[in-house]
Amino acid sequence: MLIGPFYVAHAIIVLMLALIIVPLATIPRKLSYAAFLASSALLALILLLSIYAFLAGVDVTVFTIFHLYSFSEFFLGLFAFALLLINALSYEHYPNFTRFLLFFSFAIVGMFVVAMANSLVTILLGLELMTLPTAFMIMTSGRHHIEAAVKLFILSAIAIGALSFAIALLFPYDLQLTLSPVSAISLFTGATAASGNYLLILSIILVAAAMGFEVAAFPFNLWVPDVYQGAPGNVTALLAGINKKVAFVALMEIFFVVFIQFKPIFSPILVLLSIATMFYGNILALVQTNVKRLLAYSSISQAGYILIGLAVATQFGIEASILQIVAHLFMVIGAFAIVLWLESNNLRTLDDYNALGSRNRFAAISLAILMLSMAGVPPLIGFIGKFLVFSSAIDSQTLLYLAVFGIINSFISIYYYAKVIDRMYSGKSHDMLAMGKYTYAVVVIALAATILLGLYPGPLISAATVASKALLAI
Amino acid sequence: MTILIGLMLLVSALASVFILALDSKLSKRLAIAGSGIVLAIAILILVSSLLQGSLSMNESYPYINAFNISLQLQMTPINFILVLMTAIVAFAAILSGNPERAGVKTANTLIMLFEFSAIGLFTSANLFIFFIFWDIGVIALFFMINVLGSANRRYASIKFIIYEIFASSLLLLGIMMIYFYTPVHSFNISSITAAASSIPQSTQELIFILLFAAFAVNMPLFPVHFWLPDAHTEASTQGSMLLSGVLTKFGAYGMLLIFTMLPIANKLAVPIAVLAGFSTIYAAFVTMMQHDIKRVIAYTTIIDMGIILVAIAAMNAFGTYGAVYAMFAHGVTIALMFLSVGCLHHIFGSRDMKVVKGVVSKAASTGYSFIMGVFGITGVPLTAGFIADVLIFIGAIQAFGLAGALPLVGLLMIGAFFYLVVNRSFMMTKDPSQPIEYIGMEEKAGYAILMGSMLLFGIFPFLLLGFSNL
């Protein structure tokens, strides 16, 4: 091995801290471009290091609160890559980028902390560190941004409260609160029966509720459309593309490591959440006229698809969910990049999207492909994700109906995606729209990922297999 | 191990991408070259298999190694007949299907993309890639209708995509169930066929019904055919040629697959044949209510697809080859008819049989092409449709007794109605007040290609059936 595992882990942590220093150093002198370059470079370094660590199979625990292993390395790399895209989008969007970066860098650290967490407290800390700055980021600009920020702040505070309570309830069973399987034996009273162990069950339910807020599962997702619509587009892309995925990582870490012995208890909860979320998101998306709201509901339904794989709770199910997470991340960042750019040109509703095909050909084709991918049309990556998720449900033998519900939803969703595409190609207009170069680059990268990973998903699936096996091996 | 099928796919995919980068004139040349190469490869395969007296090609390219899915392609006589039909129709559509010269670049990209998907689908030896090609084809035609169609295209295209995605959802579910319920856990069609009898009866029935429903929507069959008239009428000429000529064959080919793959089909063959026969007669009655000529042709698709399904449900060699031959004949013939109606619309500005008069005297080539198409659809001897009908009804009578010949009634009715159309709009004296536009050589070349292949394979059926083991 070229670099020792110990150094890799420390290097990543140091780079994370350096990210926080970047805005502090650049704010007084308003060095936006320098801040952008520095933060991008740091993210790129983290990306490279995590790829290296993943390929080398690094498995190391740092300070007992961080654990760097295949699963966390996979998501570190994924988030770093996605954050590079968001960083570029934000730089183009804000005249004063450094002020944004001040909050953004903290949120980034929170995301990485969750991905590398080795204890429940670390997860709690990471989630808090991610969500609070996001609320501030929403406040920087956008329509109805104060309302959106306050909603996100209050609801995430409730979620964090529920999560802390759940962790506190676990204390009798695991004094260390590390990410390791808890057994039903209370260390204080010696009670053993899982069915009678109400503290544990309550803890599971509270975790499910808290995570339901974070991943926007029905019925905890009423904040999503308002916040997504109110926030500036790049923050919406961040929320939908990365924040929710971080919450999924936390969910996987808690359920599949800590509560792995209680699969019969948490699996039905996830099944219910998944079905309700898919139907809620898709049915409400049908009637939306604001594109951002439409995408918000669509990403709610996508969260439902991800939950299918987690509800199945097998290694294949987790692998499928990871793939769907990757798929949705790229699709939604690409789509919101286009929506953000159109929003800055005052195009918000479906009616505004009329004739987009003749106003900017590239944007229309890209948005059409991204939406088809979200609808699960092969050979795009959205199809691969959905295919694996539904396959995992059928493979489990008992949850066949989840696949049926998933496919029904996937069918419902084609209507509103086709509606957007239809709008873009209706009518002609000679009023051209030019796209900024960073937005263009982000869209190209998201589009390339959507198409290429869909055409040739082999390496990604292998990586997801490694990550899911590593998670279950703890 | 050959590379010819892969080459066809590669050429059409590359052409589809590169057309986007060119201007409309060059794009048409590239599209003609691309589809011409595909057609040339198909003819090469035809000639070489005629010389060898047999045809069996298998190709495999890596795809998703993690799940043991590879791009497995096969070419048996059945696959080949459909591929040849696709190549002919796509070439003719690119060459001639656009008398208005509107949206040339978009149209050519989408046609090449559709050709890619159709060839892939008809040659796939693997249900997973079958599904992938299916959806690519559907999406390509969705854009074809939505972007290039006529006035009511948006309604028609959304209706089309809803029906088709419904079908493909059922298809996906069925395919995944096959994968997980066969003991071998494979998508490969031949290994599923070998292992299918070990799937429990009830599961098999469920899978069969899912797939049958999916293919029935696509074919289309009586209760789920409502997308077809709108989609065909609103699509551009090229769109209708591909929709009716090739896309409906996706479902028919799928039917052929499930009937050979799942043993449960034996039990369900008779009810399905009854449904198909009813669909034929029903569509014949509906057709006679139409006065838009394009809509008339659209409805004849339902009639012919019903007959094809009767032949498939017969489950014997005559029925199967009759069905495949009918798919070929119908694809070529219906493309010819849609092409001539498209030109008719361009020439006269209308497709209403009450308005259009004297086509033969004013636009002779278009008029005669349409009449040849009518001959082909109704199965007049020397057209490919005749060979197909003979094979089909021998097979159907073998399987179902004389009742198997009942769908002929639908064909007869539609034949009679068509002669009325021809008499009214084509032969009757012209209306001198109608303005006239002329069509170019390219359209006439398209007529020649489609009419030529219709007659060639009608007069010399051994060209396609010679190397099969009928």
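Draft legend 1. The arrangement of the nonpolar core in detail. Ranked by internal contacts, the top residues of the largest apolar core, which has 392 residues, are Ile333(A) and Tyr325(B). Counting residues per element, this core draws most heavily on helix 13 (residues 317-348) of chain B, at 21 residues. Not counting residues up to four positions away in its chain, the partners in contact with Tyr325(B) are Ile81(B), Ala384(B), Ile387(B), Ala388(B), Leu391(B) and Leu464(B).

Draft legend 2. Layout of the interface of chain B and chain A. Taken together, the 23 residues of chain B in the interface contact 24 residues of chain A. Elements with a minimum of two residues in the side of chain B that touches chain A: helix 5 (127-148) and helix 6 (153-181) of chain B. Of the residues forming the side of chain B that touches chain A, the biggest block, 13 residues, is contributed by helix 6 of chain B. Tallied by class, the residues present in the side of chain B that touches chain A amount to 17 nonpolar, 4 polar and 2 charged.

Draft legend 3. Quick look at the pairing of strand 1 (residues 57-64) of chain B. Residues and elements named next belong to chain B. Of the strand pairs in this sheet, strand 1 and strand 2 (residues 69-75) are connected by 7 bridges, and their pairing is antiparallel. Bridging across to strand 2, Tyr 61 finds its partner in Leu 71. Linking strand 1 to strand 2, which pair antiparallel, is a turn of 4 residues; within it Asn 68 sits at a positive phi near 60°.

Draft legend 4. Helix 11 (residues 265-287) of chain B, seen in detail. All names here are of chain B. Given a rise of 1.5 Å per residue, 23 residues ought to cover 33 Å, and the 31 Å separating the end C-alpha atoms of helix 11 matches this to within 8%. For helix 11, the principal kink sits at Pro 271 and spans about 30°. Residues Ala 265, Ile 272, Ala 273, Ala 276, Gly 277, Ser 279, Thr 280, Ala 283, Ala 284 and Thr 287 constitute the buried set of helix 11. Buried residues in helix 11 make contact with helix 8 (201-218), helix 10 (237-261), helix 12 (293-314), helix 16 (384-400) and helix 17 (408-427).

Draft legend 5. Representation of unusual backbone geometry in the model. Residue Pro379(A) follows Pro378(A) across a cis peptide bond; omega there is 0°. Mapped onto the fold, Pro379(A) is located in the loop between helix 14 (361-375) and helix 15 (381-395). Note that the residue after Met219(B), namely Pro220(B), is joined by a cis bond; omega there is -5°. Here Pro220(B) shows up in the loop between helix 8 and helix 9 (227-234). Although it is not a glycine, Ala313(A) adopts a positive phi angle of roughly 60°. Take Ala313(A): it is sitting in the loop between helix 11 (291-312) and helix 12 (315-344). Despite not being glycine, Gln397(A) shows a phi value in the positive range, around 70°.

Draft legend 6. Layout of the environment of Thr248(B). Residues and elements named next belong to chain B. Mapped onto the elements, Thr 248 comes out in helix 10. When the C-alpha atoms of Thr 248 and Ile 312 are compared, they prove to be 15 Å apart, with 64 residues separating the residues in sequence. Beyond its immediate stretch of four places on either side in the chain, Thr 248 contacts Asn 218, Met 219, Thr 301 and Met 305.

Draft legend 7. Up close: the confidence of the model for chain B. Taken as a whole, chain B shows an average pLDDT of 88; of its residues, 98% reach a score of 70 or greater. Prediction confidence for the complex, expressed as pTM and ipTM, is 0.91 and 0.86 respectively.

Draft legend 8. Just the packing of helix 4 (residues 97-116) of chain A against helix 9 (residues 233-258) of chain A, in detail. Residues and elements named next belong to chain A. Relative orientation of the contacting elements helix 4 and helix 9 amounts to 25°, with a least axis distance of 9 Å. Here helix 4 lies roughly parallel to helix 9, going by the angle between them. By crossing handedness, the relation of helix 4 to helix 9 is classed as left-handed. Every residue of helix 9 that contacts helix 4 at Met 111, Val 114 and Ala 115 is listed here: Ile 242, Val 246, Val 249 and Ala 250. Per-class residue counts for the contact of helix 4 with helix 9 are 7 nonpolar, no polar and no charged.

Conventions we followed
Residues numbered from 1 in each chain as written. Chains lettered and ligands numbered in written order. Predicted model: local features only at pLDDT ≥ 70, side-chain atom pairs only at ≥ 80, totals over all residues. Core = buried A, V, L, I, M, F, W, Y, C linked by C-beta atoms within 7 Å. Buried ≥ 20, exposed ≤ 12 C-beta atoms within 10 Å, placed from the backbone. Helix = DSSP H or I, 4+ residues; strand = E, 2+ residues; numbered from the N terminus. Contact = placed C-beta atoms within 7 Å. Nonpolar A, V, L, I, M, F, W, Y, C, P; charged D, E, K, R; others polar. Pairing = 2+ DSSP bridges. Expected span 1.5 Å × (residues − 1). Bend = angle between axes of the 7 residues up to and from the residue. pLDDT = per-residue confidence, 0-100. Axes fitted to C-alpha atoms, helices over the stretch in contact; angles between N-to-C directions. Parallel < 35°, antiparallel > 145°, perpendicular 65-115°, else oblique. Left-handed = near helix turned anticlockwise from the far one by under 90°.

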